[in-house]
Protein chains: 2
Amino acid sequence: MAPVFDPIEQNENIDSKIIAGLERISRVFRLLLWDIAKDENLSPIQIQFLIFLLYNKPSRRRITDIANEFNLTKATVSDAISSLEEKNLIEKDKNTEDKRSYAIKLTPKGKKLAKQLSIWADVLKNNLKNFNQEEKEAVLKFIFKLIESLYEAGIITIQRMCFSCLYFQRDIHPNPEAPHHCNFLNKPLSIVELRLDCEDYAPIESN
Amino acid sequence: MAPVFDPIEQNENIDSKIIAGLERISRVFRLLLWDIAKDENLSPIQIQFLIFLLYNKPSRRRITDIANEFNLTKATVSDAISSLEEKNLIEKDKNTEDKRSYAIKLTPKGKKLAKQLSIWADVLKNNLKNFNQEEKEAVLKFIFKLIESLYEAGIITIQRMCFSCLYFQRDIHPNPEAPHHCNFLNKPLSIVELRLDCEDYAPIESN
Ligand code: SF4
Ligand code: SF4
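Here the residue numbering is sequential within each chain, running from 1 through the sequence in written order. Each chain gets a letter, beginning with A, and each ligand a number, beginning with 1, in the order they are written. Thresholds applied to this predicted model are a pLDDT of at least 70 for local features of residues and 80 or more for the giving and counting of side-chain atom pairs; totals over whole chains, interfaces and linings are not thresholded and use all residues. Neither water nor hydrogens contribute to the side-chain values; these are computed over all heavy atoms in the structure.

Undergrad: Quick question: what am I supposed to make of the domain arrangement of chain A here?
TA: Residues and elements named next belong to chain A. Per the domain assignment, the segments making up chain A are domain 1 (7-122) and domain 2 (131-193). Domain start and stop positions are those given by an automatic or database domain assignment. For domain 1 versus domain 2, the separation of C-alpha centres amounts to 23 Å. Two residues qualify as a contact provided that any one of their heavy atoms is within 4.5 Å of a heavy atom in the partner residue. The interface is formed by 9 residues belonging to domain 1 together with 6 residues belonging to domain 2. Between domain 1 and domain 2 the total buried area reaches about 690 Å² when both faces are included, carbon and sulfur atoms providing 39% of it. Accessible area that two parts lose when put together, with a 1.4 Å probe and added across both, is what the buried area reports. Area buried by domain 1 at its contact with domain 2 is led by Asn68, Glu69 and Asn71, which between them contribute 51% of it. We define a salt bridge as a contact between a side-chain nitrogen of Lys or Arg and a carboxyl oxygen of Asp or Glu at a distance within 4 Å. One can count 1 salt bridge joining domain 1 with domain 2. In this structure, Glu69 engages Arg160 in a salt bridge whose closest nitrogen and oxygen atoms are separated by 2.8 Å.

Spelled out as structure tokens, the structure:
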């Protein structure tokens, strides 16, 4: 089978065209992130760390959490974290220190910057205005199912998302529109209600 | 309006959830590309250049074409190109030299490597097997419409894609399933038949 980037393959195989199309969209994210990174003299991943720290509670702000979130090694995360520390954007959260690890928190300067940077992808949102609700729901279902499949294939780890959450019960309701259940919210979840970044998430494995 | 990465915003706004979801998928591409880049001691963008050179004809293999394709400055492209030249993976295509510019071509060594690397995103394709044809068509339409919107908003440049092609005629057929027309192929194009990487593409602006 020819690679997804082969033009002839794309004409004949819708799967290849979809993957090549998603890759094209992923370039837009890269582009936007690089633009803002250049302006701030930070690396793209450092910007994403700052935003992650802005929206997560202390128990989800350890080096391990960041490594899992971005599918990076702890060593890579530690390097970026040290550099952010030198810039006085983050610091150890002393309240959370125990024998094994500690959480990281934004300094006031870091928090201010993270808030500014957190809009880096928002320009894309304006480009959804030409789609109706039905189209949006279809694409959101696709996104969730694809992420789930990548997770189950071991290609990515996920956290803060229903699929790997302690409270998630898969396919327990007969209604095909809302087959899943959240034991924390105590209600059925439709596919579009599944969460990508849930504040109530708890990982299945204790850590 | 809260940023798309704000968990509360995502729960309330499907647009934010879609963008955050696409960003999550874009991380998978970054991850796969970095993995292969580390193994080959190349940068992610250098890998994408090699694959681009593999699938494009000489008239689309100038520095300008690569810069447009990846929305990079010519200076950035030139740097990466010099480094690939030092590694004996690419060379000037002497046949195409004129006063203004020249095309780049892969050396035999570069071609062999580009072929190996070109499968970097293919693992994602296996994860589309749980979707039916209708779901795939819906998502492909979404991808094309989103790319078109980003192009029209001036966020990205595109080439080798119908929207910026000399041969493309928009919305000239009454059939809503195949409203567009390609003057090169001389036939109506349905939305899923639109091309991302077309070998017959010609840019609207002469260059
Ligand atoms: S909504 Fe939140 S708490 Fe409930 S299953 Fe999903 S991730 Fe877990
Ligand atoms: S199919 Fe190719 S030649 Fe035809 S309009 Fe699209 S890009 Fe141009």
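Here the narrative resumes, following the displayed structure.
Undergrad: Explanation requested: the packing of helix H3 (residues 44-54) of chain A against helix H5 (residues 74-86) of chain A in the structure shown.
TA: Packed helices, taken two at a time, are described by their axes: the angle between them and the distance between them. All names here are of chain A. Where H3 meets H5, the closest approach of the two axes is 10 Å, and the angle between their N-to-C directions is 80°. In terms of orientation, H3 and H5 fall into the roughly perpendicular class. For the pair H3 and H5, contact is made by Gln46, Phe49 and Leu50 and by Val77, Ala80, Ile81, Ser83 and Leu84, respectively. Note that Gly is not counted as nonpolar here; it falls among the polar residues with everything else outside the nonpolar set of Ala, Val, Leu, Ile, Met, Phe, Trp, Tyr, Cys and Pro and the charged set of Asp, Glu, Lys and Arg. Per-class residue counts for the contact of H3 with H5 are 6 nonpolar, 2 polar and no charged. Lines fitted to C-alpha atoms define the axes, with helix axes restricted to the stretch in contact, and inter-axis angles between N-to-C directions lie between 0 and 180 degrees. Helix numbers and strand numbers start at the N terminus; a helix is a DSSP run of H or I with at least 4 residues, a strand a run of E with at least 2. Convention used here: angles under 35 degrees read as roughly parallel, angles over 145 as roughly antiparallel, angles from 65 to 115 as roughly perpendicular, and any remaining angle as oblique.

Undergrad: Help me out: how do you make sense of the interface of chain A and chain B in this one?
TA: By a widely used convention, the size of an interface equals the accessible area lost when the partners come together. Listed as interface residues are 78 residues of chain A and, on the opposing side, 78 residues of chain B. A buried area of about 7200 Å², summed over both sides, lies between chain A and chain B, and 68% of it is on carbon and sulfur atoms. If you look at where chain A meets chain B, you find 12 salt bridges. Two residues, Arg27 of chain A and Glu69 of chain B, come together in a salt bridge whose shortest N-O distance is 3.1 Å. The definition of a polar contact used here is a pair of N or O atoms within 3.5 Å, where within protein one atom must be able to donate a hydrogen and the other to accept one, and adjacent residues in sequence count solely through side-chain atom pairs. Linking chain A with chain B are 31 residue pairs in polar contact (both at pLDDT 80 or more).

Undergrad: Just to check I follow, could you spell out the site of ligand 1 for this structure?
TA: In the region of ligand 1, the neighbouring residues are Met161, Cys162, Cys165, Tyr167, Phe168, Cys182, Phe184, Leu185, Arg195, Cys198, Asp200 and Tyr201 of chain A. Tallied by class, the residues present in the shell around ligand 1 amount to 10 nonpolar, no polar and 2 charged. We call a residue near a molecule or strand as soon as one heavy atom of that residue lies within 4 Å of the molecule or strand.

Undergrad: Mind showing me how you'd approach the pattern of salt bridges here?
TA: Pairing between side chains becomes possible if they bear opposite charge and their charged atoms approach one another. Counted under the stated rule, the structure contains 35 salt bridges over all chains. Among the ionic pairs, Arg61 of chain A bridges to Asp93 of chain A, the shortest N-O distance being 3.7 Å. Of this pair, Arg61 of chain A sits in the loop between H3 and helix H4 (63-70) while Asp93 of chain A sits in strand S1 (residues 90-93), and the two are 32 residues apart along the sequence. To sort residues, take the accessible area from a 1.4 Å probe on protein chains only and compare it with the maximum for the residue type: under 20% means buried, over 50% means exposed, and anything in between is partly exposed. On the basis of relative accessibility, which here comes to 11%, the residue Arg61 of chain A falls in the buried class. Residues Glu152 of chain A and Arg170 of chain A are paired through a salt bridge, measuring 3.8 Å at the closest nitrogen-oxygen approach. Here the residue Glu152 of chain A occupies a position in helix H7 (residues 133-152), and Arg170 of chain A occupies one in the loop between strand S3 (168-169) and strand S4 (180-182), the gap between them amounting to 18 residues. Classification of Glu152 of chain A as exposed rests on a relative accessible area of 56%. Through salt bridges with shared partners, a single network forms among Glu23, Arg24 and Arg27 of chain A together with Glu69, Arg160 and Asp197 of chain B.

Undergrad: Where do I start with the site of ligand 2 in this structure?
TA: Within the structure, ligand 2 sits among Met161, Cys162, Cys165, Tyr167, Phe168, Cys182, Phe184, Leu185, Arg195, Cys198 and Asp200 of chain B. Class assignment of the residues belonging to the shell around ligand 2 gives a composition of 9 nonpolar, no polar and 2 charged.

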